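Survey of secondary and tertiary structure
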Amino acid sequence: MSIEQHNYFHAPTNTVTANGISYAYREMGPKGGVPVIFLIHLAGTMDNWDPRIIEPIAAKHHVITFSNRGVGASTGSVPDSIEAMADDAAAFIQALGYSTVDLFGFSLGGMIAQSLVLKHPGLVRKLVLAGTGPAGGKGIEKIIGTTYVDVLRGTLTRQDPKEFLFFNRNATGKPAARAFINRLKERTTNQEAPIKLGAFQTQLKAIRKWGLSPSADLGVITQPTLIANGDNDRMVPSVLSSDMHRRIPGSELVIYPDSGHGGIFQFHDRFIPVALEFLGR
């Protein structure tokens with residue numbers, strides 16, 4: 001059975017209720033098999049996924065995106081910890097009726113994915129961790145300052161802050177940033193509301209708490225894991241991707257040159273074949 005959607009920004013928004021929370025979600029791709037659950041970044045809604053990432057994966061796999069509790073069209077209040085966000089994600093997955101999923105987590109979503117696999121290991125088959133870092137990772141606690149500075153830069157220059165946060169400000173990064181932002185504008189109907197300031201601040205505090213928390217034992221993760229980042233991530237230091245690679249047994253690491261936090265978006269044409277080969281094994 002197939003879902004009749006080939007363009008992510010035409011995918012309808014559905015809802016499912018778990019623990020009294022109504023979660024907004026979208027799905028694409030062939031139904032059957034293990035779905036790939038996408039976990040979005042700080043302040044992100046479903047509208048913030050790059051279609052150049054979603055659509056090629058959905059051509060081969062059942063893809064599900066959703067907005068976290070208290071964000072976009074999902075109800076409730078944003079949790080103040082990554083662990084609570086992971087429990088929410090697990091409840092959402094189980095409410096859809098799945099007992100096994102693959103997780104694709106970017107940035108904050110990658111932190112949620114790590115917590116989810118540690119708290120609910122039986123639920124996860126494979127992990128893709130992009131632009132993210134482990135609990136206790138050095139430098140993660142500085143994300144609040146970095147984010148506020150670049151939000152201000154974006155406001156003053158009338159540009160999307162993600163152009164500064166996700167990409168290098170050089171001859172290759174600037175065009176890649178503009179192309180990415182333009183791709184996000186492809187959806188023109190049924191858009192979600194942007195995150196509210198209070199919810200955004202709570203997410204930032206949860207990330208800071210994650211960065212200052214004790215290190216988790218990533219050695220217990222037995223699921224196949226693909227880790228990806230740019231080589232100059234200003235939000236979640238790139239060295240933390242290498243750290244996770246060393247600590248997660250058998251994990252694979254891809255670092256893209258001359259790129260930042262959004263390395264997988266800048267190099268989507270190179271990343272997608274790697275991700276599809278990994279998910280297809």
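Quick notes on the rules
Residues numbered from 1 in each chain as written. Predicted model: local features only at pLDDT ≥ 70, side-chain atom pairs only at ≥ 80, totals over all residues. Heavy atoms only, no water. Helix = DSSP H or I, 4+ residues; strand = E, 2+ residues; numbered from the N terminus. Buried < 20%, exposed > 50% of the residue type's maximum accessible area, 1.4 Å probe, protein only. Areas by Shrake-Rupley, 256 points an atom, 1.4 Å probe, with all protein chains shown as cover. Lys, Arg positive; Asp, Glu negative; His and termini not counted. Charge placed at Lys NZ, Arg CZ, Asp CG, Glu CD. Pairing = 2+ DSSP bridges. Axes fitted to C-alpha atoms, helices over the stretch in contact; angles between N-to-C directions. Contact = heavy atoms within 4.5 Å. Polar contact = N/O pair within 3.5 Å; in protein donor to acceptor, adjacent residues only side chain to side chain. Phe/Tyr/Trp six-rings, centres within 6.5 Å; stacked < 30°, edge-to-face > 60°. Lys NZ or Arg CZ within 6 Å of the ring centre and 35° of its normal. Core = buried A, V, L, I, M, F, W, Y, C linked by side-chain atoms within 4.5 Å. Salt bridge = Lys/Arg side-chain N within 4 Å of Asp/Glu carboxyl O.

Here we come to the overall build of the protein. Regarding its fold elements, the protein presents ten helices and eight strands. Expressed along its principal axes, the backbone C-alpha trace of the protein runs to roughly 45 × 45 × 35 Å. Split into buried and exposed, the 281 residues of the protein put 55% on the buried side. Accessible surface for the protein amounts to roughly 11100 Å². Of this, 54% is attributable to carbon and sulfur atoms. For the protein, the distance from the average position of its 28 positive side-chain charges to the average position of its 24 negative side-chain charges is 4 Å.

Pairing in this open sheet of eight strands is mixed, and the strands run 1-2-4-3-5-6-7-8 from one edge to the other. The open sheet has two edge strands with one neighbour each: strand 1 (14–18) and strand 8 (252–256). Between one strand axis and the next, the sheet turns by 25° as a mean value, whatever way the strands run. Where strand 6 (residues 124–130) meets strand 7 (residues 225–230), four bridges bridge the pair, whose relative direction is parallel. When the sheet's bridge partners are listed, Val128 is paired in strand 7 with Leu226.

Mapping Asp231 onto the fold places it in the loop between strand 7 and helix 8 (239–247). A C-alpha to C-alpha distance of 20 Å links Asp231 and Asp50, two positions 181 residues apart in sequence. Those residues within four positions of Asp231 in sequence are excluded, and the remaining contacts are Ser238, Ile255, Tyr256, Pro257, Asp258 and Ser259. Polar side-chain contacts of Asp231 include one of 3.1 Å to the backbone nitrogen of Asp258.

As a further point, take the packing of aromatic side chains. For the coordinates displayed, the defined rule picks out 17 aromatic pairs. Measuring from ring centre to ring centre gives 5.8 Å for Tyr25 and Phe92, while their planes differ by 65°; the resulting arrangement is edge-to-face. Taken together, the positions of Tyr25 in strand 2 (residues 21–28) and Phe92 in helix 2 (residues 82–95) put the pair 67 residues apart, joining distant regions of the chain. A relative accessible area of 10% places Tyr25 in the buried class. On the basis of an interplanar angle of 25° and a centroid distance of 6.3 Å, the ring pair of Phe166 and Phe265 is categorised as stacked. Placement of Phe166 in the loop between helix 5 (162–165) and helix 6 (173–184) and of Phe265 in helix 9 (residues 263–266) is noted, with a sequence separation of 99 residues between them. Ring pairs connect the aromatic residues Phe106, Phe166, Phe167, Phe180 and Phe265, which therefore count as one cluster. The cationic tip of Lys126 hangs over the ring face of Phe278; the distance from NZ or CZ to the ring centre is 5.3 Å. It is Arg169 that lies over the ring of Phe164; its NZ or CZ is 4.4 Å from the centre.

Turning our attention to the nonpolar core. Counting 89 residues, the largest nonpolar core has Phe38, Ile82, Leu103, Phe104, Leu116 and Phe271 as its most contacted members. Per-element accounting of this core gives the leading share, eight residues, to helix 2. Residue contacts for Ile82: discarding those within four places in its chain leaves Leu108, Met111, Ile112, Ser115, Ala206, Ile207 and Trp210.

Here we take up the pattern of salt bridges. The full count for this structure, using the stated rule, is 14 salt bridges. Residue Asp243 pairs with Arg247 through a salt bridge whose shortest N-O separation is 2.9 Å. Of this pair, Asp243 and Arg247 both sit in helix 8, four residues apart, roughly one helical turn. Exposure remark for Asp243: the relative accessible area of 18% places this residue in the buried category. A single salt-bridge network, built from bridges that share partners, covers Arg26, Asp47 and Arg187.

Honestly, that's just the spatial picture; any functional story needs more than this.
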